[in-house]
Amino acid sequence: MPKHVIIFASGTGSNAENICKVFEHNPNIQVKALFCNNPNAGVINKMKPFGVPVYLFNKADFENEASFLEQIQSYEPDLIVLAGFLWLIPAYLVNAFPRKIINIHPALLPKFGGKGMYGHHVHHAVIEAKEKEHGITIHFVTEKYDEGPPIFQARFDVQDTDTEADLARKISKLEMQYFPEAIRRVLGA
Ligand code: GAR
């Protein structure tokens with residue numbers, strides 16, 4: 001039986017697209033659905049070539065515990081992957097899927113995490129703080145933003161000349177390189 005993955009995303013979807021591409025022909029891992037809380041997100045169209053169904057939801061849907069859980073359970077997920085998903089995961093979901101929800105964060109947690117720390121905000125803060133290194137963290141999800149047990153980190157040296165755009169590009173490269181592999185390892189597939 002292949003392992004089932006569900007992706008949660010709110011934005012552009014380069015990670016979600018990359019995950020779909022990497023596992024497209026893998027008999028052991030199937031991306032079963034994309035859950036998206038933003039009807040204007042670029043990620044929605046990115047699912048089309050892969051035939052991955054998109055489930056759009058709003059705050060009220062998310063708070064309707066029984067029906068939201070039922071929707072997720074219908075895909076029998078072995079892993080829920082947050083790929084640029086910006087809402088806090090509520091306790092009922094964390095408890096329903098212990099150690100089965102993972103997130104990618106564009107910083108070396110515990111640095112530069114928490115509410116509001118996403119995308120360019122992170123890279124701006126890293127430059128302001130004159131950090132010597134920067135990188136990505138993949139971690140298990142708890143009820144608190146960016147605080148669950150780490151699974152993997154990759155880092156690089158920040159150059160004096162690096163702009164926010166440079167950092168974003170270097171982070172994206174690491175995300176493309178390591179996120180699918182981390183998913184594969186967590187699934188043991
Ligand atoms: C990624 O860089 C991811 O690490 C970040 O959002 C971006 C989504 O890009 N996640 C967070 O900041 C979570 N706090 P994408 O939509 O192109 O994959």
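Before reading on, note that the structure itself is shown above.
Residues numbered from 1 in each chain as written. Predicted model: local features only at pLDDT ≥ 70, side-chain atom pairs only at ≥ 80, totals over all residues. Heavy atoms only, no water.

### Overview of the site of the ligand
In the vicinity of the ligand, the contacting residues are Thr12, Gly13, Ser14, Asn15, Gly84, Ile104, His105, Pro106, Met117, Tyr118, Gly119 and Glu175. A distance of 2.4 Å separates an oxygen atom of the ligand from a polar atom in the side chain of Ser14. When the ligand sits alone it has 450 Å² of accessible area, and the protein chains cover 86% of it. A majority-of-atoms criterion places the ligand in the largest pocket. Mapped onto the shell around the ligand, the elements with two or more residues apiece are helix H1 (14-23) and strand E5 (101-105). Residues of the shell around the ligand, tallied by class, amount to 4 nonpolar, 7 polar and 1 charged. (Near = heavy atom within 4 Å. Polar contact = N/O pair within 3.5 Å; in protein donor to acceptor, adjacent residues only side chain to side chain. Areas by Shrake-Rupley, 256 points an atom, 1.4 Å probe, with all protein chains shown as cover. 1 Å grid on protein atoms, 1.4 Å probe; cavity = no way out; pocket = protein on both sides within 12 Å on 5 of 7 lines; lining within 4 Å. Sits in = over half its atoms within 2 Å of the grid points. Helix = DSSP H or I, 4+ residues; strand = E, 2+ residues; numbered from the N terminus. Nonpolar A, V, L, I, M, F, W, Y, C, P; charged D, E, K, R; others polar.)

### Considering the sheet that holds strand E6 (residues 133-140)
With mixed pairing, the 7 strands of this open sheet are ordered in space as E3-E2-E1-E4-E5-E6-E7. Because the sheet does not close on itself, it has two edges, and the strands there are strand E3 (54-56) and strand E7 (150-157). For this sheet, the mean angle separating the axes of adjacent strands, direction not counted, is 20°. Pairing of strand E4 (residues 79-82) with E5 involves 3 bridges; the strand directions are parallel. Looking across to E5, one finds that Val81 is bridged to Ile102. (Pairing = 2+ DSSP bridges. Axes fitted to C-alpha atoms, helices over the stretch in contact; angles between N-to-C directions.)

### Let's talk about helix H7 (residues 164-187)
The end-to-end C-alpha separation of H7 is 33 Å, in line with the 34 Å expected for 24 residues at 1.5 Å each. Its axis deflected by about 30° at Tyr178, H7 carries its strongest bend there, up to four residues before the proline Pro180. Here H7 has its buried residues at Asp166, Leu167, Ile171, Leu174, Glu175, Phe179, Pro180, Ala182, Ile183 and Leu187. Among the residues trailing H7, Gly188 stands out with phi positive, at a value near 60°. (Expected span 1.5 Å × (residues − 1). Bend = angle between axes of the 7 residues up to and from the residue. Buried < 20%, exposed > 50% of the residue type's maximum accessible area, 1.4 Å probe, protein only.)

### Brief notes about the nonpolar core
By size, the foremost hydrophobic cluster in this structure holds 40 residues, and its most contacted members are Ile7, Leu34, Val43, Phe179 and Ile183. Residue contributions to this core peak at 7 residues, all from H7. Counting 19 residues, the second-largest nonpolar core is a separate cluster that includes Phe62, Ile89, Leu93 and Phe97. (Core = buried A, V, L, I, M, F, W, Y, C linked by side-chain atoms within 4.5 Å.)

### A word on the packing of helix H6 (residues 119-128) against H7
At a minimum axis separation of 9 Å, H6 and H7 run at an interaxial angle of 120°. Taken together, the axis directions place H6 and H7 in an arrangement best described as oblique. Here H6 and H7 pass one another in a crossing that is right-handed. Between H6 and H7, the residues in contact are His120, His123, His124, Val126 and Ile127 and Glu164, Leu167, Ala168 and Ile171, respectively. Residues of the contact of H6 with H7, tallied by class, amount to 5 nonpolar, 3 polar and 1 charged. (Parallel < 35°, antiparallel > 145°, perpendicular 65-115°, else oblique. Left-handed = near helix turned anticlockwise from the far one by under 90°. Contact = heavy atoms within 4.5 Å.)

Take it as geometry only, folks, not as evidence of what the structure does.
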